[in-house]
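Overview (structure and organization)
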Amino acid sequence: MSQKVRVRFAPSPTGPLHIGGVRTALYNYLFAKKNNGDFILRIEDTDSQRFVPGAEEYIIEALTWLGLRFDEGTHAGGAHAPYRQSERKEIYKKYVDILLEKGTAYIAFDTPEELAAKREVVSNFQYDASTRSEMRNSLTLPENEVQSLIDAGNQYVVRFKIEPGQEVLVNDVIRGEVKYNSSVLDDKVLYKSADHLPTYHLANIVDDHLMEISHVIRGEEWLPSAPLHVLLYQAFGWEDTMPQFAHLPLLLKPEGNGKLSKRDGDRLGFPVFPLEWKDPHSGEISSGYRESGYLPEAVINFLALLGWNPGNDQEIMSMDELIQLFSLEKCSKSGAKFDYEKGKWFNHQYIQLRPNSEIANIFYPILEEKGVDFPLQYIEMVVGLVKERVNFVKELWDQSSFFFVAPEAYDEKVVKKRWKEESPAQMQELIEVLQGISDFSAHNQEEIVKGWIESKGYHLGNIMNAFRLAVVGESKGPHMFDITAVIGKDETVARLEKAILNIK
Ligand code: GLU
């Protein structure tokens, strides 16, 4: 098969994109780029009841943030436009008529009340080969009555006429051959006259065919629809161009049992959406990875490994490496536990990998909020010294505030333990020593200060602990002379003087 690889991400705009949907988009993207193929965004909005305003924009914004660019789509255009299903009504109507003509679909007039009444008397009622002859449809009514019912404005649906007892094979790249018996399927509604819109199943198949989709990569929850889709391809006579299926494993709760849900995120304190989402009806706000301080490359790497691995234990992979290494065959069949702590670990790793200048730029607005204003170059030096201690950029402030503001108070416990009787006098001496140093680099300071401590026979630990207390206000922070080299001689001396005056 030399068909060009073309994949589509086909979300329904019914709310914010769930993180599992982001993974589906990512795997489609990786597969497309690996095979020099096209990545298409199709908006499946034929269920007007479930349409949520802003959802489509949210999807595009989220995937753009993560660096997943579409080759074709609602916003990107392309040879198969329009890519929004609600704008393709006429196209679907044509294909519904083809099935009606072929006799593989039929018109049904049963009202919701009639269907409910039937369900009352027949337990496990299913509209299929065993029951369709008892219902009000074009198979049971005379042709002229069907026409007059339509002409009189009666609403109807078009149902797929499924022949029972056939074996349906779904060939799945990840799961192998999955066999179904058509008898378990019901005569699915394909089209509704009420809104002149097809249902998901029909629109999905027609568009995959027309848009020349080569691979359908989607979540496991769609596997039960696959036999119906295979039968639809057969009904249209499109078997030869039927896409390859790949149903991705479920994302499981961190504990491993059951599907990951928004409630798990609320319960355990992690986002399940890529971006913050404000529900347009309730106003409820759900947290997002972006607003929680994740770097997009960390989210990508984290998600890539939820259901796939390169076959070795390599964990840190850039988008380009993921594209090179990705294959559907290496996706797992079994669900992937959503290990949220691992997500934090990835963010930590990517903060280390990003240049300090970029992290400084992200940190800058946080510093502004704290009311401090320092040149970017200075912030960059600070970032370089403390970033190994954080998982998120916003945690940098806690680890580095003393680079920007002198301590106002001194941690009492530390004072008790580290500020000895002789400390004020020793710190006064240290001031003299520091004043005499012209090259204030960390290395040079360390050599001179340690030389002084040794010559005086002082206790190294005592001096350094008191020094840190005076400069930082508590016993934390990176290497002492790295701190003083950054804040400079004058500031260091000023803090020592202040400490001598204020620590009791
Ligand atoms: N519209 C479906 C969804 O919301 C698409 C399923 C598919 O990819 O076929 O996920």
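The notes below deal with the structure included here. (Residues numbered from 1 in each chain as written. Predicted model: local features only at pLDDT ≥ 70, side-chain atom pairs only at ≥ 80, totals over all residues. Heavy atoms only, no water.)

A short note on the pairing of strand β2 (residues 38-41)
On β2, burial covers both faces: Asp38 and Ile40 on one face and Phe39 and Leu41 on the other are all buried. In this sheet, β2 lies alongside strand β1 (residues 6-9) in parallel orientation, the contact comprising four bridges. Across the sheet, Arg6 pairs through a bridge with Asp38, a residue of β2. Taking the sense of rotation as the criterion, the β-α-β connection linking β1, helix α1 (residues 19-34) and β2 turns out right-handed. Handedness of the crossover is the feature at issue here: the chain leaves β2, passes through helix α2 (residues 55-65), returns alongside strand β3 (residues 72-73), and the resulting connection is right-handed. (Buried < 20%, exposed > 50% of the residue type's maximum accessible area, 1.4 Å probe, protein only. Helix = DSSP H or I, 4+ residues; strand = E, 2+ residues; numbered from the N terminus. Pairing = 2+ DSSP bridges. Right-handed = clockwise from strand over helix to strand, strands pointing away.)

Let's talk about the sheet that holds strand β5 (residues 157-160)
One open sheet holds the four strands; their spatial order is β4-β5-β8-β9, and the pairing between them is antiparallel. The open sheet terminates on both sides in strands that have one partner only, identified here as β4 (105-108) and β9 (197-198). Pairing geometry for strand β8 (residues 189-192) and β9, over two bridges, is antiparallel. Its bridge partner lying in β9, Lys192 is registered against Leu197.

Concerning the packing of aromatic side chains
Following the criterion strictly, the structure yields 27 aromatic pairs and no others. Aromatic rings pair up to connect Phe270, Phe302, Phe338, Tyr340, Trp345 and Phe346 into one cluster. Stacked on the ring of Tyr27, the Lys or Arg Arg23 has its end atom at 5.5 Å from the ring centre. Above the ring of Trp345, the side-chain terminus of Lys342 is found at 4.4 Å from the ring centroid. (Phe/Tyr/Trp six-rings, centres within 6.5 Å; stacked < 30°, edge-to-face > 60°. Lys NZ or Arg CZ within 6 Å of the ring centre and 35° of its normal.)

Things to note about the layout of surface pockets
The volume enclosed by the largest pocket comes to roughly 1200 Å³. Pro11, Ser12, Thr14, Glu221 and Trp222 are the residues nearest the centre of the largest pocket, which is lined by 43 residues in total. Going through the elements one at a time, β1, α1, α6 (200-210) and β10 (215-219) are the ones with two or more residues in the lining of the largest pocket. A per-element tally of the lining of the largest pocket places α1 first, with five residues. When its residues are assigned to classes, the lining of the largest pocket shows 18 nonpolar, 13 polar and 12 charged. Each pocket or cavity is described by its volume, and for the second largest pocket that value is around 280 Å³. Along its surface, the second largest pocket is lined by 19 residues, and Leu305, Leu306, Gly307, Trp308 and Lys337 are the ones closest to its centre. Residue assignment for the lining of the second largest pocket shows that the elements contributing at least two residues are β15 (336-337) and α11 (340-353). Its residues assigned to classes, the lining of the second largest pocket comprises six nonpolar, seven polar and six charged. (1 Å grid on protein atoms, 1.4 Å probe; cavity = no way out; pocket = protein on both sides within 12 Å on 5 of 7 lines; lining within 4 Å. Points joined across faces, edges and corners; volume = space filled by probe spheres on them. Nonpolar A, V, L, I, M, F, W, Y, C, P; charged D, E, K, R; others polar.)

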